[in-house]
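Spelled out from the first residue to the last, the chains are:
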Amino acid sequence: MPGIDECLLDVMRLPGARGAAVVDWTSGLALGTIGDSPNGDHEATAAETAEVARMAAEQPAFAAGLPEASSDVDGTGAAGTPPPVEDVIVTTRAGYHILRFVETDFDSSVFLHLWLDRAEGNLALARIRLGEMAERLVLA
């Protein structure tokens with residue numbers, strides 16, 4: 001089972017990968033980064049993407065119909081309770097930003113952020129692989 005560094009190296013092997021990070025969406029801190037950052041600053045990018053992740057994960061509309069979310073509508077997650085959202089995809093003219101939430105044994109407040117080049121990347125493949133990596137990621 002890979003740790004953060006190994007996971008990020010795997011993510012960068014995806015076609016079109018420009019940069020990646022593992023981010024805590026409650027604090028906005030990058031737990032690990034690799035490659036380029038869209039604005040040149042990995043910490044600022046982590047804080048900005050954490051805002052998007054938090055907005056998606058805390059919205060009751062996305063938790064509707066989910067039995068495990070009924071007692072945890074704010075998305076903050078009791079220990080081991082995943083947020084109601086699996087991933088968020090933001091499309092720009094030049095690329096894609098995929099935020100894939102990682103289920104953890106503690107509070108599930110971590111996500112993988114992949115910045116993918118639009119011309120060279122494969123969004124469907126990247127989404128599938130990020131899901132696989134998120135399941136294998138070990139956070140200590």
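Structure: above.
Our subject in this report is the structure included herewith. (Residues numbered from 1 in each chain as written. Predicted model: local features only at pLDDT ≥ 70, side-chain atom pairs only at ≥ 80, totals over all residues. Heavy atoms only, no water.)

**Considerations on the nonpolar core**
Then, number 1: Val-11, Leu-112 and Leu-114 are the most contacted members of the largest nonpolar core, which totals 19 residues.
Then, number 2: If you list the elements that add at least two residues to this core, you get helix H1 (4–11), strand S1 (17–24), strand S4 (95–102), strand S5 (110–117) and helix H4 (123–136).
Then, number 3: Setting aside chain neighbours within four positions, we find Val-11 in contact with Ala-17, Ala-20, Leu-114, Leu-130 and Met-133.
Then, number 4: Val-23, Val-85, Val-88 and Phe-101 belong to the second-largest nonpolar core, a separate cluster that totals 14 residues. (Core = buried A, V, L, I, M, F, W, Y, C linked by side-chain atoms within 4.5 Å. Buried < 20%, exposed > 50% of the residue type's maximum accessible area, 1.4 Å probe, protein only. Helix = DSSP H or I, 4+ residues; strand = E, 2+ residues; numbered from the N terminus. Contact = heavy atoms within 4.5 Å.)

**Examining the sheet that holds S4**
Then, number 1: With antiparallel pairing, the 5 strands of this open sheet are ordered in space as S2-S1-S5-S4-S3. In the strand order of this sheet, the two ends are held by strand S2 (29–35) and strand S3 (87–91), each with one partner. Adjacent strand axes in the sheet meet at a mean angle of 15°, parallel and antiparallel pairs treated alike.
Then, number 2: Inspection of the sheet shows S1 paired to S5 by 7 bridges, in the antiparallel sense. Opposite Gly-19, over in S5, you have Trp-115 as the bridge partner.
Then, number 3: Sheet strands touched by H4: S3, S4 and S5. Its angle to S4, the strand with the most contacts, is close to 25°. (Pairing = 2+ DSSP bridges. Axes fitted to C-alpha atoms, helices over the stretch in contact; angles between N-to-C directions.)

**Overview of the pairing of S5**
Then, number 1: Burial of S5 is extensive: 8 of the 8 residues sit out of reach of the surface.
Then, number 2: Residue alternation in S5 divides its side chains into two sets, Val-110, Leu-112, Leu-114 and Leu-116 and Phe-111, His-113, Trp-115 and Asp-117, and both sets are buried.
Then, number 3: In this sheet, S5 lies alongside S4 in antiparallel orientation, the contact comprising 8 bridges. Residue pairing for S5: Leu-99 is matched across the bridge by His-113.

**Some details on the packing of H1 against H4**
Then, number 1: Between H1 and H4, the shortest axis-to-axis distance is 11 Å and the interhelical angle comes to 170°. For the element pair H1 / H4, the angle class is roughly antiparallel. The residues of H4 that touch H1, namely those facing Cys-7, Asp-10 and Val-11, are Leu-130, Met-133 and Arg-136.
Then, number 2: Among the residues forming the contact of H1 with H4, the class breakdown is 4 nonpolar, no polar and 2 charged. (Parallel < 35°, antiparallel > 145°, perpendicular 65-115°, else oblique. Nonpolar A, V, L, I, M, F, W, Y, C, P; charged D, E, K, R; others polar.)

**Here we look at helix H2 (residues 42–57)**
Then, number 1: Compared with the 22 Å implied by 1.5 Å per residue over 16 residues, the 22 Å span of H2 between its first and last C-alpha is a close match.
Then, number 2: For H2, the full list of buried residues reads Thr-45, Ala-46, Thr-49, Ala-50, Ala-53, Arg-54, Ala-56 and Ala-57. End-on view of H2: buried residues confined to an arc of 165°, all on one side of the axis.
Then, number 3: Where H2 is buried, its residues touch S1, S2, helix H3 (60–63), S3, S4 and S5.
Then, number 4: If you check the start of H2, you find a side-chain oxygen 3.1 Å away from the backbone N of Glu-43, and it comes from Asp-41. (Expected span 1.5 Å × (residues − 1). Arc of directions from axis to C-beta. Polar contact = N/O pair within 3.5 Å; in protein donor to acceptor, adjacent residues only side chain to side chain.)

**Some words on the environment of Thr-49**
Then, number 1: Tracing the chain through its elements places Thr-49 in helix H2.
Then, number 2: For the pair Thr-49 and His-113, spaced 64 residues apart in sequence, the C-alpha separation works out to 7.8 Å.
Then, number 3: Among all residues touching Thr-49, those that are not within four sequence positions of it are Val-23, Leu-99, Phe-111 and His-113.

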